Amino acid sequence: MIEFINVTKHYPGRRHVLREINLRLPKGEMVLLTGPSGAGKSTLLKLLTRLEDVSHGTLMVGGVDLATLKRRHIPAYRRRVGVVFQDHKLLMDRDVYNNVALTLKVAGVPARQIESRVRAALEKVGLGDRLRELPATLSGGEQQRVGIARAIVHTPEILLADEPTGNLDPALSDEILDLFRDFHRHGTTVLVATHDARQIARLGLPALHLEQGRLHAPKEFS
Amino acid sequence: MNLHLRLDALRNARDTLLQQPLATLLTVLALAIVLALPVGLFTALNNLQLLLGQWRDQAQISLYLHNDASAADVAKLRARIEHSTGVVAVHYISRAQALADFEHSAGMQAAVDVLGENPLPASLVVEINPLAQSSADLDAQVQSWAKEPVVASAQSDLHWVARLQAILALGTRAVWILALLLALGAVLVMGNTIRLHIAQRRDEIDIASLVGATRSFIRRPFLYQGLIQGLLAGALAWAVVAVAILSLQGPVDRLAALYGTHFTLVGLRPEQGLALIAISAFLGWLGSRIAVGRHLDHTFS
Ligand SMILES: Nc1ncnc2c1ncn2[C@@H]1O[C@H](COP(=O)(O)OP(=O)(O)O)[C@@H](O)[C@H]1O
Ligand SMILES: [Mg+2]
């Protein structure tokens, strides 16, 4: 369960980017986060990964209060979350396998488990046979799928994606979003930020709409 | 803490260092030179002290004995002096021996003949190591010997001991100051090297942090890099000092021969060498720790 209670966010020296956000997102839901560029979608996701601090209000995720979460507890919290970025943020000097394994290594997973779990994650995204390739040799869609494998290899409770299809053509976008739906079917809570109207219409998923820092959510989530 | 995480970090540090062999070599060399300088000077001072400690001819105290002192009392005093701090040897010079030496050294045969009777007292000649104790303690020691019932008077010229000790104290202090400054330099060199490594790996650090790496997980490879380079630099500095000593022994031999003596230069003892490596590894770790503290912490806000 993700719960925003009167959450406000402003960056130093700037007017409010998010105002009085109230939202209750039950466990296992999949929703889209929509809104024009600059509306605050990335900022909202950064609050959920504790890359940014809440300015005012309460943000609870799975029983953890992110506003008061101690620095030393942030890593353990982040291991419960998976994040996918528009620019995938892969390490270009490491092969596919090691990009994905990083998530497990930082969590201290024993080496013998890492191999089978990384393979399984890459199978899921359809890259089971590309383990030893460098990201630069993959297409944009394939790179994004490596990013997704890295985000789900540790079976997070929550999967966040910030415009994951922003750089992809429509066919590839559909593939990626269908992957997210797969994870959702297996019980993961999924929150995908997008301003792609075509996707929003096609998927028929509930949408949270951000506009000038204010959130407009369907009744069941507010 | 998980051993396999530490081993991973160690491998990671090793790989990073080996990927840039030239940069690593230069850092290690710079550190080794910075360390070899004060260690070399300490070693030189140590050798100087050993050499001066052997300077017995100059460091003698004569205790002139009463003519009526009993042989047993003199033997007792002699035994006590032999066990005192810094005493290298005690020689007993009988009256007859003193007279013979006098005749010999001064060519005073005629004068002695005129005197008829032997005017010289027996004495104990104490050879000391002038650096074994402070000059004040040495003075006090000589005073106490002079007050012994069997001793009529004492003769010593030990002002030079005080001067020598003052000069050595000055030299030691100067080398310490230099050593501290250079240790600081070593920390800065390492800090800067690690800062560059951190900058090179910014992306990796950010992503690791995002997927839940702890602070210590991210720090560890950098700390190990500092430690490893410090370790290597310490070992190299030890080798440099050892080679310097080997190459100086020949000239020292020739110089000593001119003075009719010989002197073996002393290098670092094994435990000193190991201490050098440990200190150097610590300095490398410290430099890296400071860089990591300054350049990594904002990742975790
Ligand atoms: N680190 C930052 N510092 C200051 N302002 C920022 C920062 N990040 C984003 N903003 C501002 O916050 C607003 C929302 O940005 P963002 O959350 O990236 O929106 P979106 O992802 O919906 O395009 C924008 O006006 C942006 O300029
Ligand atoms: Mg954005």
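Throughout, a residue's number is its position along its own chain's written sequence, starting from 1. Written order determines the labels here, with chains lettered from A and ligands numbered from 1. With pLDDT at 70 or above as the cut-off, local features in this predicted model cover only qualifying residues; side-chain atom pairs require 80 or more to be listed or tallied, and sums for whole chains, interfaces and linings still use all residues.

Colleague: Help me understand the overall build of chain A in this model?
Modeller: Helices and strands together make up the secondary structure of chain A, namely 7 helices and 10 strands. Its C-alpha radius of gyration of 17 Å places chain A within 12% of the 17 Å reference for a compact globule of 222 residues. Projecting the C-alpha coordinates of chain A onto the three principal axes gives extents of approximately 45 × 40 × 35 Å. Three exposure classes are used. Buried residues have 20 or more other C-beta atoms within 10 Å of their own C-beta, exposed residues have 12 or fewer, and partly exposed residues fall in between, all C-beta atoms being placed from the backbone. In chain A, which comprises 222 residues, the proportion classed as buried is 42%. Counting from the N terminus, the helices are DSSP H or I runs at least four residues long and the strands are E runs at least two residues long. Put simply, the radius of gyration uses C-alpha atoms, and a globule should come to 2.2 Å times the residue count raised to 0.38.

Colleague: I keep staring at the interface of chain B and chain A and nothing clicks. Help me out?
Modeller: Quoted interface sizes are often the accessible area lost when the parts come together. Contacts here follow a simple rule: the backbone-placed C-beta atoms of the two residues must lie within 7 Å. Tallying the contact residues gives 15 residues for chain B and 17 residues for chain A. Of all the elements in the fold, those that place two or more residues in the side of chain B that touches chain A are helix 1 (3-19) and helix 8 (202-210) of chain B. Among the elements that make up the side of chain B that touches chain A, the one with the highest residue count is helix 8 of chain B (5 residues). Classification convention: Asp, Glu, Lys, Arg as charged; Ala, Val, Leu, Ile, Met, Phe, Trp, Tyr, Cys, Pro as nonpolar; all other residues, Gly among them, as polar. Looking at the side of chain B that touches chain A, its residues break down into 8 nonpolar, 4 polar and 3 charged.

Colleague: Where do I start with the pairing of strand 3 (residues 123-128) of chain B in this structure?
Modeller: For a regular strand, the rule is simple: side chains alternate between the two faces of the sheet. All names here are of chain B. Here 5 bridges tie strand 1 (residues 60-65) to strand 3, and the two strands are oriented antiparallel to one another. By the bridge assignment for strand 3, Tyr64 is matched with Ser123. Examined bridge by bridge, strand 2 (residues 87-93) and strand 3 share 6 bridges and lie antiparallel to one another. Among the inter-strand pairings, Ala89 is bridged to a residue of strand 3, identified as Glu127. The rule for pairing is simple: two strands pair if DSSP sees at least two bridges between them.

Colleague: For this particular structure, what's the right way to read the packing of helix 2 (residues 21-53) of chain B against helix 7 (residues 159-200) of chain B?
Modeller: Geometrically, a packed helix pair is captured by the angle between its two axes and the distance between the axes. All names here are of chain B. Angles shown run from 0 to 180 degrees and are taken between the N-to-C directions of axes, each axis being a line fitted to C-alpha atoms and, for helices, limited to the stretch in contact. At a minimum axis distance of 9 Å, the contact between helix 2 and helix 7 shows a crossing angle of 170°. Viewed along their axes, helix 2 and helix 7 adopt a mutual orientation that is roughly antiparallel. Of the residues belonging to the contact of helix 2 with helix 7, the class tally is 19 nonpolar, 6 polar and no charged. Throughout, the term roughly parallel applies to angles under 35 degrees, roughly antiparallel to angles over 145, roughly perpendicular to angles from 65 to 115, and oblique to all others.

Colleague: So what exactly am I meant to see when it comes to the site of ligand 1 here?
Modeller: Residue proximity rests on one test: whether the C-beta atom, placed from the backbone, lies within 6 Å of the molecule or strand. Residues in contact with ligand 1, as listed here, are Tyr11, Arg14, Val17, Gly35, Ser37, Gly38, Ala39, Gly40, Lys41, Ser42 and Thr43 of chain A. Here the residues of the shell around ligand 1 are counted per class, giving 3 nonpolar, 6 polar and 2 charged.

Colleague: Any chance you could explain the sheet that holds strand 3 (residues 30-34) of chain A here in plain terms?
Modeller: Strand pairing in a sheet relies on backbone hydrogen bonds. The paired strands run either parallel or antiparallel. All names here are of chain A. On the basis of which strands lie adjacent, the open sheet formed by 6 strands has the order 6-7-8-3-9-10 and mixed pairing. A single partner strand is all that each edge strand has here, and the edge strands are strand 6 (81-84) and strand 10 (214-216). Each strand axis lies, on average, 20° off the axis of its neighbour in the sheet, ignoring direction. Of the pairings in the sheet, the one linking strand 3 to strand 8 (residues 189-193) comprises 4 bridges and is parallel in character. The residue bridging Leu33 from the neighbouring strand is Ala193, located in strand 8. Helix 6 (residues 170-185) rests against strand 3, strand 7 (158-162) and strand 8 of the sheet, and its axis sits at about 155° to strand 8.

Colleague: Looking at this model, I keep getting lost on the confidence of the model for chain B. Mind explaining?
Modeller: The predicted structure's coordinates, where accompanied by low pLDDT, should not be read in detail. All names here are of chain B. Per-chain confidence: chain B averages 89 in pLDDT, with 93% of residues scoring 70 or above. Confidence scores per residue from the predictor, reported as pLDDT, run from 0 to 100. Predicted confidence in chain B is weakest over helix 5 (residues 109-115), with a mean pLDDT of 67, and strongest over helix 9 (residues 215-258), with 95. Here the complex is predicted with pTM 0.79, and the ipTM for its interfaces comes to 0.89.

Colleague: What is the right way to read the sheet that holds strand 1 (residues 2-10) of chain A from this model?
Modeller: Residues and elements named next belong to chain A. An order of 2-1-4-5 is seen for the 4 strands of this open sheet, with the pairing classed as antiparallel. The sheet is open, and its two edges are formed by strand 2 (16-25) and strand 5 (64-65), each paired on a single side. Packing against the sheet, helix 1 (residues 41-48) makes contact with strand 1, strand 2 and strand 4 (56-61), and its axis sits at approximately 60° to strand 2.

Colleague: Looking at this structure, I do not really get the nonpolar core. What am I missing?
Modeller: In terms of nonpolar packing, the biggest core is built from 69 residues, with Leu33, Val100, Val118, Ala149, Leu159 and Phe180 of chain A touching the most fellow members. Here this core gets 7 residues from one element, more than from any other, and that element is helix 3 (residues 96-106) of chain A. In this usage, the nonpolar core is the set of buried Ala, Val, Leu, Ile, Met, Phe, Trp, Tyr and Cys residues whose C-beta atoms join them within 7 Å. Counting 34 residues, the second-largest nonpolar core is a separate cluster that includes Val39, Ile194, Ile277 and Leu283 of chain B.

Colleague: Would you mind going over the pairing of strand 2 of chain A with me for this structure?
Modeller: Residue and element names in this part refer to chain A. Sheet topology places strand 1 next to strand 2; 6 bridges connect them, and they run antiparallel. Each bridged residue has a counterpart across the sheet, and for Phe4 the counterpart in strand 2 is Leu23. Once strand 1 ends, the chain turns through 5 residues before running back antiparallel as strand 2, passing Gly13 with a positive phi of about 70°.

Colleague: Is there a simple way to explain the environment of Arg215 of chain B in this structure?
Modeller: On the secondary structure map, Arg215 of chain B appears in helix 9. Expressed as a C-alpha distance, the spacing of Arg215 of chain B and Ala183 of chain B, which sit 32 residues apart in the sequence, is 27 Å.

Colleague: Is there a simple way to think about unusual backbone geometry in this case?
Modeller: The phi torsion of most residues other than glycine is negative, and most of the peptide bonds are trans. Residue and element names in this part refer to chain A. Positioned with a positive phi, Thr155 is a non-glycine residue whose angle comes to about 45°. Looking at the secondary structure, you find Thr155 in the loop between helix 5 (140-152) and strand 7. Phi at Glu163 takes a positive value of approximately 50°, unusual for a residue other than glycine. Looking at the element boundaries, Glu163 is found in the loop between strand 7 and helix 6.

Colleague: I would appreciate a short explanation of helix 8 of chain B in the present structure.
Modeller: For an α-helix, the turn length of 3.6 residues means that residues three or four places apart are oriented alike. Taken together, the buried positions of helix 8 of chain B are Ile207, Ala208, Ser209 and Leu210 of chain B. Summarising the contacts, the buried residues of helix 8 of chain B are in contact with helix 2 (74-78), strand 6 and helix 3 of chain A together with helix 9 of chain B.

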